[in-house]
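# Results of the structural survey
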Amino acid sequence: MAQSSPCANCPSRGTCGMVQDSCANCPNRSSCAMSQANAGCPGLNSENRGRASACEGCPNRAFCMSNKIVVDPDLEVIKKKMENIKHKVLILSGKGGVGKSTLSSQLAYTISKNEDIQIGLCDIDITGPSQPIIMGAENEPVHQSNTGITPVYVQDNLAVMSIGFLLENQDDSVIWRGPKKNGLIKHFLKDVEWGDLDLLLFDTPPGTSDEHLSIVQYLKGCNIDGAILISTPQEISIQDVRKEINFCKKVNMPILGIVENMSGFVCPSCKGESIIFPATNGGVKALCEEINVPFLGAIPLDPRIVNSCDAGEPFVDSYPDSPASDRYTEISNKIVEMLELEDN
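Every value quoted in this text rests on a predicted model; they were computed, and no experiment measured them.

## Describing the environment of glycine 178
Here glycine 178 shows up in helix H5 (residues 178-190). Distance in space between the C-alpha atoms of glycine 178 and serine 214 is 9.4 Å, their sequence separation being 36 residues.

## Some thoughts on the pairing of strand S8 (residues 226-231)
Burial of S8 is extensive: six of the six residues sit out of reach of the surface. Relative to S8, strand S1 (residues 88-93) runs parallel, the two being bridged by five bridges. Note on S8: the bridge partner recorded for leucine 90 is alanine 227.

## Description of the layout of surface pockets
Considered as a void within the structure, the second largest pocket measures approximately 320 Å³ in volume. Broken down by secondary-structure element, the contributors of at least two residues to the lining of the second largest pocket are helix H3 (100-111), strand S9 (255-266), strand S11 (295-301) and helix H9 (304-311). Residue composition of the lining of the second largest pocket, grouped by class: ten nonpolar, eight polar and three charged.

## Comments concerning the packing of aromatic side chains
By the definition in use, this model includes two aromatic pairs. Seen in terms of ring centroids, phenylalanine 315 and tyrosine 319 are 5.5 Å apart; in terms of plane orientation they differ by 40 degrees. Their pairing is tilted. Residues phenylalanine 315 and tyrosine 328 carry aromatic rings whose centres are separated by 6.3 Å and whose planes lie at 70 degrees to one another, so their mutual orientation is edge-to-face. Of the two residues, phenylalanine 315 is situated in helix H10 (residues 315-318) and tyrosine 328 in helix H11 (residues 323-339); the sequence distance between them amounts to 13 residues. Across the pair, exposure class does not vary: phenylalanine 315 and tyrosine 328 are buried alike. Grouping aromatic residues by their ring pairs yields a cluster made of Phe315, Tyr319 and Tyr328.

## Some details on H5
With 13 residues, H5 should cover 18 Å at 1.5 Å per step; its first-to-last C-alpha distance of 18 Å lies within 8% of that length. When H5 is considered as a whole, its buried residues turn out to be Gly178, Lys181, Asn182, Leu184, Ile185, Lys186, Phe188 and Leu189. Looking at the buried positions of H5, the neighbouring elements they touch are helix H2 (74-82), strand S2 (119-123), strand S6 (158-162), strand S7 (199-203) and helix H6 (210-218).

## A short note on the environment of glutamate 47
Within the element layout of this structure, glutamate 47 appears in the segment before helix H1 (61-65). For glutamate 47, a relative accessible area of 78% corresponds to the exposed category. C-alpha separation for the pair glutamate 47 and cysteine 64, spaced 17 residues apart in sequence, amounts to 9.9 Å.

Calculation rules
Residues numbered from 1 in each chain as written. Predicted model: local features only at pLDDT ≥ 70, side-chain atom pairs only at ≥ 80, totals over all residues. Heavy atoms only, no water. Helix = DSSP H or I, 4+ residues; strand = E, 2+ residues; numbered from the N terminus. Buried < 20%, exposed > 50% of the residue type's maximum accessible area, 1.4 Å probe, protein only. Pairing = 2+ DSSP bridges. 1 Å grid on protein atoms, 1.4 Å probe; cavity = no way out; pocket = protein on both sides within 12 Å on 5 of 7 lines; lining within 4 Å. Points joined across faces, edges and corners; volume = space filled by probe spheres on them. Nonpolar A, V, L, I, M, F, W, Y, C, P; charged D, E, K, R; others polar. Phe/Tyr/Trp six-rings, centres within 6.5 Å; stacked < 30°, edge-to-face > 60°. Expected span 1.5 Å × (residues − 1). Contact = heavy atoms within 4.5 Å.

Here it is in structure tokens:
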């Protein structure tokens with residue numbers, strides 16, 4: 001392993017491609033032995049590091065078996081901060097455009113209708129933050145003190161945090177590489193004064209990338225409950241969800257259930273439903289039966305959902321007569337029951 005790194009505290013932690021922020025500009029990054037770990041590497045945090053069958057012949061084996069593993073000191077800070085939050089749930093999607101941010105916001109709104117439940121929504125979709133608009137909090141300032149950042153409260157029991165609150169101009173593009181994204185996610189976890197919450201939802205970007213690896217790594221040891229996945233009925237979307245399922249398996253993330261969005265179309269006039277995205281192979285429900293995870297429900301597409309999100313209003317309050325509102329309520333009730341939020 002190259003030893004001429006300019007980094008003051010070279011972590012030598014390129015295992016599985018999960019390099020630390022300090023590796024970003026290192027001239028040795030491409031040749032560093034730690035970036036050439038064997039397939040199936042158990043990772044530096046594993047007690048089996050250097051001793052697993054996949055470690056045979058790995059150039060990093062001696063290092064992994066040594067006691068030179070660098071521990072990020074911020075992880076302990078995050079763990080301490082998260083002790084005040086009883087449940088943490090990630091909202092994941094295999095691809096963009098399936099309604100993940102809409103689901104995250106409407107679940108937060110609907111669950112918060114129970115005033116005894118304190119809930120937070122953390123938007124870690126850094127390049128496409130939409131929660132400030134959906135939650136009706138665009139251009140709201142965040143207050144910073146010597147104890148941290150206070151999230152934006154859209155209701156007495158519903159707090160929201162997003163990079164959208166930190167941009168000087170809402171039209172500014174966030175052109176960041178992985179290390180800077182990771183730093184902001186860590187900032188949201190250790191420096192935001194979430195207070196005592198019953199549930200913290202994380203609205204994530206689509207796919208399986210830096211943000212997903214970072215949030216899982218940072219929340220390790222914080223008793224994260226798991227993930228709720230969302231998909232549309234067509235096969236191409238479900239194939240991408242399968243990739244998300246494999247991601248959850250690889251990082252030991254429990255899957256709490258899957259939601260099928262846009263399962264039909266609701267006519268705003270007659271309230272009738274029609275199928276616009278037919279499921280080729282049984283849709284999300286068939287997938288849930290195949291992998292033995294809960295099917296949380298199917299939400300039809302109501303054009304008025306777009307109106308509510310653009311206006312920053314809870315859809316279930318604005319259009320309580322819509323079949324989609326019924327489904328949001330049913331899914332929220334399942335989550336409340338699953339996590340025993342009313343008993344906390």
